Amino acid sequence: MLTKESRIRNVYNNPVGRDIIRKILLQMGRSDRIINNPIVGSLRLKAIPRLTMGYMDQEFLETFIALLNSEPDTPKKGNGKAKPAWWKEAVFYQIYPRSFQDSNGDGIGDLRGIIERLDYLKNLGVDAIWLSPVYDSPNDDNGYDIRDYHKIMDEFGGMEDFDDLMDAIHARGMKLIMDLVINHTSDEHEWFKKAIHQPDSRYGDYYIFRDQPNNWTSFFSGSAWKYIKERNQYALHLFSEKQMDLNWENPAVRQDIIDMIVWWLEKGVDGFRLDVINYISKREGLPNGNEKIGKLMKYYGVEHYFYGPRLHEYLRELNEKAFAPFNAFSVGETPGVGMEMSKLLTADYRRELDMVFSFDHLETPGHVRFDDYRYDLNYYKKYMIDWMENYGSNCQMSLFFENHDNPRMVSKVDPDAQFRVAVAKLLAVMQLTLRGTPFIYQGQELGLINKKFTSIDEIRDVESLNLYQELCKTMTEGEAFKVILAGTRDHARTPMQWNDDRYAGFSTNRPWIGMDNDYKICNVERQANDKDSVLNFYRNLIELRKKYAALIYGDISIVNKKVHNLFSYYRIGQHETLYIECNLGRKEMKRKASKHRGKLLLSNYREVGVSVMKPYEANVWLTDS
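(A) Expanded view of the nonpolar core. Grouped together as the largest cluster of nonpolar side chains are 180 residues, with contacts concentrated most on F272 and M430. It is helix α17 (residues 420–433) that contributes the most residues to this core, nine residues altogether. Other than its neighbours up to four places away in sequence, M430 contacts L377, Y380, F401, F567, Y569, C582 and L584. Counting residues in each nonpolar core, the second largest holds 15 residues, with I177, F357, F359 and F400 among its members.

(B) Region of interest: helix α9 (residues 159–171). In this model α9 runs 18 Å from its N-terminal to its C-terminal C-alpha over 13 residues, within 8% of the 18 Å that 1.5 Å per residue would give. Those residues of α9 not exposed but buried are D161, F162, L165, M166, A168 and I169. For α9, the arc enclosing every buried residue in end-on projection is 165 degrees, short of the 170-degree limit, so these residues lie on one face. What points out from α9, more than 90 degrees from its buried face, is the exposed set E160 and A171. For α9, the elements touching its buried residues are α7 (111–116), α8 (118–124), β2 (128–131), β4 (148–152), β5 (175–180) and α11 (251–267). G173, located one to two residues past α9, shows a positive phi value of around 75 degrees.

(C) Quick look at the packing of aromatic side chains. Under the definition given, this model contains 43 aromatic pairs. Both rings, one in W87 and one in F329, keep their centres 5.6 Å apart while their planes meet at 40 degrees; by these two values the pair is tilted. With W87 in helix α6 (residues 86–89) and F329 in strand β12 (residues 329–333), this pair connects stretches of sequence that are 242 residues apart. Given the relative accessible area of 13%, W87 is considered buried. Clustering of aromatic rings is evident, with ring pairs tying together W86, W87, F92, W130, F329, F357, F359, F400 and F439. The ring of F209 has R231 lying over it, and the distance from NZ or CZ to the ring centre is 3.7 Å.

(D) Region of interest: the side chain of N394. You can see N394 is positioned in the loop between α15 (377–390) and β14 (398–399). Look at N394 and you get buried, because its relative accessible area is 12%. Setting aside residues up to four positions removed in sequence, N394 forms contacts with K76, K77, G78, T346, A347, D348 and Y349.

Calculation notes
- The numbering scheme is per chain: residues are counted from 1 as the chain's sequence reads.
- The model is predicted, so local features are restricted to residues of pLDDT at least 70 and side-chain atom pairs to those at 80 or more, both for listing and for counting; the totals for chains, interfaces and linings are taken over all residues.
- Side-chain descriptors were evaluated using all non-hydrogen atoms of the structure, hydrogens and water having been removed beforehand.
- Joining through side-chain atoms within 4.5 Å is the link that ties buried Ala, Val, Leu, Ile, Met, Phe, Trp, Tyr and Cys residues into a set, and such a set is a nonpolar core.
- Whether a residue is buried, partly exposed or exposed follows from its accessible area with a 1.4 Å probe, protein chains only, as a fraction of its type maximum: under 20%, in between, or over 50%, in that order.
- In DSSP terms, a helix is any run of H or I states spanning at least four residues, a strand is any run of E spanning at least two, and both are numbered starting from the N terminus.
- Two residues qualify as a contact provided that any one of their heavy atoms is within 4.5 Å of a heavy atom in the partner residue.
- In this scheme, a helix's expected span is set at 1.5 Å multiplied by one less than its residue total.
- Taken from the helix axis, the directions to the C-beta atoms give the arc we talk about.
- The rule is short: rings of Phe, Tyr and Trp, with Trp giving its six-membered ring, pair when the centres are within 6.5 Å, and they are stacked under 30 degrees, edge-to-face over 60, tilted in between.
- Throughout this description, the term charge over a ring refers to an Arg CZ or Lys NZ atom that lies within 6 Å of the ring centre and within 35 degrees of the ring normal.

Have a look at this one:
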C-alpha cells in the first residue's frame, strides 16, 4: 500500500504510478529522466506539493495515491518466445465506410462500394479489414453513436449487404474486424428511451443519472452532463450530448452487451476493435475531477474513469463469455493508458484484450492534436525504443500512425511537397518492420496529406465544430479556425482518392464532405502504374514482411540509439537477420557503418549512397550473417 510516506522511486515501480508520472511529464514537455535522479527518487510523496510550489496540491496527491492503490497487480516480465497468432502476423487495414467508395451515387460510401474494392486490398497484401461503425445511427458522431446494434445504417445498405461483404472478405482469405462502441450509445437507442420514459423498468439504471452534475467535462467541449427533463436528472455523456454513457455497474447491461457481441460472432465476424474501452468503469460516487489534473489534461474527471477500478473485471468477463469461445480477436482503444497498464490489459496470461491502441506517440511532448507544429520523429524513435525493449514477448504492440481521429502524419512530420513521398515511405518502413502488428488507415498507402479546408462551413466533425464555438468565446473566428485546421479529424475523413475523375472516383455525385485538388496528382490509378509510387512501396514492404519471419516474430536489436536523426535496428530471426536504417530528418547525414549490411531489399530512393543518407531516407537490408 502506497502512502504519502512512500518514496517517488517506489511509486515509479508501480504500473499505474509509472504511466501517470510519464503522462504528466509528457504533458509538461519534460523527460522522465528526472525521476531516475537519486535525490528526486528518494523524496517522499508528501513533499511533492511543496516542491512543485502548489502546482500539484494535497488534493492532487490524494487522488494520485488512490489511483496507485487501485491496481494490486504488477506485470510479469515477458522474455520468452511469443506465442504465434494470426493477428500477430496480419496486416490490418482500417476502412472509414462513409469515405471509402460510394456505389449508388448518393455521395456517401457504403458496403457495396467496399465490396467493389476488395481486390484492391487483397492485391495490397491486406490480411484483415477493420471496419469503422456501420450500425444504425443518427450520425451525430459519424456512426460512433449507435442506435441499434443489430441493424445496418440505411446509408450503408442493409444486413444482406453486410453478409455479402463478410462472405466476400472471407472468400479472399481475409478477416473482418468490426468497430464496436460499448462505452456509450446514442440517446436514440431503445435502452435510453426506456430509461427516461420508464425509469422504474429494468432499463432505468442502464445509464448514469445523477440529481446534480459533477465537474466532469466532455471530450467534445462543455459539461459531460445533459439535463433530462423526463427524469428531472442529469445524464452522463463523456462525448457528444447524443452519446450517453452506459452504466457498466449494472450486470444486465453487461449481459445485453455480451449477448449482442455473441450475435455478431455467430454471424461470422472475426473480432472487434473496442472504442474507448478503458472508460467503461467509473469510480464509485463519481467524485469531482481534480482542478490541477483538469487544467493539465484539458479535461476534468479523467482520473476517475480512464483506468477504472473494475476495468479488468469487465474485460475478463467479456473475454470469458464472448471472445474466448469464438477465438475472436480484440483490440481496445485506450486513451491515456501507458505501457505498464497496457501490459496488464494485453498480456496473454491475463486473458483480457489481445492488443490496445495507445496514443502517446502521436504527439510530441507538450503538444496536443490541435497545436500547429512539426512532429519530430526523434521522439517517435525514443518512444519506440522504450516499447520495443520493455513491452515483453507476452504482449503484442499495435503499430500505427493514422486513424479516423487524427490528421495525416506526413503533414505533421513535414508539409513540404518535395519530401512528401520520402516521408510517406519512411513512415511505412518503420511501421512494417518494427515488432508488432501494423494497422494501415485508408489512403495512408498513397501518402495522403491534410486537406486545405478554407472555412468552418466545410467542417463536418462534431468535435471540431464544438471546439470552434468554445474557442470563439476567447479569440477571433480566424484564430479559432486556424486551431481547428491544425487538428480536425476531418483531415482523415475526406473521400478515398481512386483516380483523377471528378470526385476522385469515389462517387458520381458531390461527396458528403469536400475535398481539394490533391486527387488529381495523388490517386490509386496513377500510383498503381508507377513502380516508384508510395502505393507500390507499401505492396513491396508488405511482401517483405510476409517473406521474412524475422519481421514478425524476430527479436529486435536497436543500435546507434544516441545518434540524432538516425533510427537503426536489426530484426533477428531463426533463419535471417534484417537491418533497417532510417534518416529521421530533412538533412543529409553520414551513414553509420554496419558490419553486417548485405543485400539491399528496399529503399525509398532509387539510388543509395555509400557514405551519405538522403533526407528521410529509409533502407531495408538482408544481412550477410
